[in-house]
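Listed here are the chains, written in short residue letters.
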Amino acid sequence: EKSARDYSLFIQRMSKHTDAAEDVLLEKKGCAGVITLNRPKFLNALTLNMIRQIYSQLKKWEQDPETFLIIIKGAGEKAFCAGGDIRVISEAEKAKQNMAPVFFREEYMLNNAVGSCQKPYVALIHGITMGGGVGLSVHGQFRVATEKCLFAMPETAIGLFPDVGGGYFLPRLQGKLGYFLALTGFRLKGRDVYRAGIATHFVDSEKLTMLEEDLLALKSPSKENIASVLENYHTESKIDRDKSFMLEEHMDKINSCFSANTVEEIIEKLKQDGSSFALEQLKVINKMSPTSLKITLRQLMEGSSKTLQEVLTMEYRLSQACMRGHDFHEGVRALLIDKDQSPKWKPADLKEVTDEDLNNHFKSLGSNDLKF
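Residues numbered from 1 in each chain as written. Predicted model: local features only at pLDDT ≥ 70, side-chain atom pairs only at ≥ 80, totals over all residues. Heavy atoms only, no water.

Enquirer: Help me out: how do you make sense of the packing of aromatic side chains in this one?
Expert: Two descriptors summarise a pair of aromatic rings, namely the distance from one centre to the other and the angle between the planes of the rings. Counted according to the given criterion, the structure contains 6 aromatic pairs. Centre to centre, the rings of F180 and F186 are 5.1 Å apart; their planes meet at 45°, and the pair counts as tilted. Both residues of the pair, F180 and F186, belong to the buried class. Seen in terms of ring centroids, F180 and F277 are 5.8 Å apart; in terms of plane orientation they differ by 40°. Their pairing is tilted. Of the two residues, F180 sits in helix α7 (residues 177-184) while F277 sits in helix α13 (residues 276-287), which places them 97 residues apart along the sequence. Per residue, the accessibility class of F180 equals that of F277, and both read buried. An aromatic cluster is built from F103, F104, Y108 and Y316, whose rings are joined through pairwise contacts. Taking NZ or CZ as reference, K176 lies 4.5 Å from the ring centre of Y179, over its face. For the cation-ring pair, R298 lies above F362, with the distance from its terminal atom to the ring centre recorded as 4.1 Å. (Phe/Tyr/Trp six-rings, centres within 6.5 Å; stacked < 30°, edge-to-face > 60°. Buried < 20%, exposed > 50% of the residue type's maximum accessible area, 1.4 Å probe, protein only. Helix = DSSP H or I, 4+ residues; strand = E, 2+ residues; numbered from the N terminus. Lys NZ or Arg CZ within 6 Å of the ring centre and 35° of its normal.)

So, in structure tokens, the structure goes:
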């Protein structure tokens, strides 16, 4: 608990506004419990304090016979949630505040609570939805995207890996789409988030408030009642209705290149393909942390046959290895602090990332393992 106490003092110093209680709003409205991520200036990035509040309220609402539904949304128009507040995590680690073990453990426990939630769970993913924001939505029963939704798992660019259960949901997307999204951090917009299978429904954003009101007005709704309201709004949505999936024309390439068993082979296949799409992806992959790329490919391959809980246990091991390593802190420096966009990865080359390095990332933490 000392580390958690140190951390909260640390956060108060770091935090630009002191009232952390308002970072997340938890309200009972009509038949539903409504969670509003309320840091719009910070794109609703998740703090440990928010994770704790959401987790404990989710558990209460799950047990409450008067709560039939849980809705989660982001304040403001820009973001549902742009991810965990990783800059703070990196700075705490450098200050030898032992905060990362606590943050990732509790974040992943919340991801599991969303995945196993006994009440229908509706995430309104309007605006930026990345990293930790994906973990708060994708494992839930219903995910409603709008034309403003911008999805990505961009972690390989900061020396991390697509965590929060990415090892579970990504390999289960169509073909090798999840492997492609994980390694490149490719961004999906609007209806494509639905077409990729990340959202379950698509609604025009101007109808989002009405949709929420209709859900709140339901009387003791069943899962089926909720599904049918979402279905109706989805059917009536107009934006980009006739456009095909933006990656449709590239799916054969994605499936063939990203089915390779090593990152080196994927790169080789992209080179051989030689199309402008393949070469563009090659350029992107070459900027990523070599260690992150190798961890991520193995994470997805292993995750494809694991349960969500098994994946989160594996990802917790990876997260702690990344905190001990070089690339995460360097990635945060280059992309979020100095913003020079030119991280110096160590090792700088894929061939220098050995199997031994890789195995060390996946090793059990013994009594410190994440257990459910």
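Back to the write-up after that little detour.
Enquirer: Quick question: what am I supposed to make of helix α12 (residues 263-273) here?
Expert: Residues spaced three or four apart along an α-helix face the same direction, because each turn holds 3.6 residues. All of the buried residues in α12 are V263, I266, I267 and L270. Along the axis of α12, the buried positions cluster into a sector of 100°, meaning they face one direction only. On the buried face of α12, the contacting elements are α7, α11 (251-257), α13 and α14 (290-303). Among the residues trailing α12, G274 stands out with phi positive, at a value near 70°. (Arc of directions from axis to C-beta. Contact = heavy atoms within 4.5 Å.)

Enquirer: What exactly am I supposed to notice about the pairing of strand β5 (residues 121-125) here?
Expert: Counting buried positions along β5 yields 5 of 5 residues, so the element is predominantly enclosed. Judged by which residues are buried, β5 turns out to be covered on both faces: Y121, A123 and I125 on one side and V122 and L124 on the other are all buried. The pairing of strand β3 (residues 69-74) with β5 spans 3 bridges and is classified as parallel. Within the sheet, the bridge partner assigned to I72 lies in β5 and is A123. In this sheet, strand β7 (residues 142-145) lies alongside β5 in parallel orientation, the contact comprising 4 bridges. What sits directly across from A123, in β7, is R143. (Pairing = 2+ DSSP bridges.)

Enquirer: Looking at this structure, I do not really get the side chain of Q299. What am I missing?
Expert: Structurally, Q299 is set in helix α14. Q299 sits in the buried class, given a relative accessible area of 0%. Looking at Q299, its side chain comes within polar contact range of the main-chain oxygen of P162, at 2.8 Å. Within the structure, Q299 has its side chain in polar contact with the side chain of E315 (distance 2.8 Å). Beyond its immediate chain neighbours, meaning those up to four positions away, Q299 contacts F161, P162, D163, G166, G167, M314, E315, L318 and F362. (Polar contact = N/O pair within 3.5 Å; in protein donor to acceptor, adjacent residues only side chain to side chain.)

Enquirer: What should I look at first to understand the sheet that holds strand β1 (residues 24-29) in this one?
Expert: Two modes of strand pairing occur in sheets, parallel and antiparallel, and in both the strands are linked by backbone hydrogen bonds. The strand order across the open sheet formed by 6 strands is β1-β2-β3-β5-β7-β10, and the pairing between neighbours is mixed. Sheet topology places β1 and β10 (201-202) at the edges, where each strand pairs with a single neighbour. Where β1 meets strand β2 (residues 32-37), 6 bridges bridge the pair, whose relative direction is antiparallel. In the sheet register, L25 faces β2, and the bridge partner there is T36. The strands that helix α2 (residues 48-63) touches are β1, β2, β3 and β5; relative to β1, the one it contacts most, it runs at about 15°. Contacts from helix α9 (residues 208-216) reach β1, β2, β3, β5 and β7 within the one sheet, and its direction differs from that of β3 by about 160°. (Axes fitted to C-alpha atoms, helices over the stretch in contact; angles between N-to-C directions.)

Enquirer: Mind showing me how you'd approach unusual backbone geometry here?
Expert: Excluding glycine, most residues fall at negative phi; most peptide bonds, likewise, are trans. Residue P347 follows K346 across a cis peptide bond; omega there is -10°. As for its position among the elements, P347 is in the loop between α16 (327-337) and α17 (355-362). Located in the positive-phi region is V164, a residue other than glycine, with phi close to 45°. Here V164 falls in the buried class, since its relative accessible area comes to 1%. The phi torsion at K339 lies on the positive side, around 55°, for a residue other than glycine.

All quantities given are derived from atomic positions and should not be read as evidence of function.
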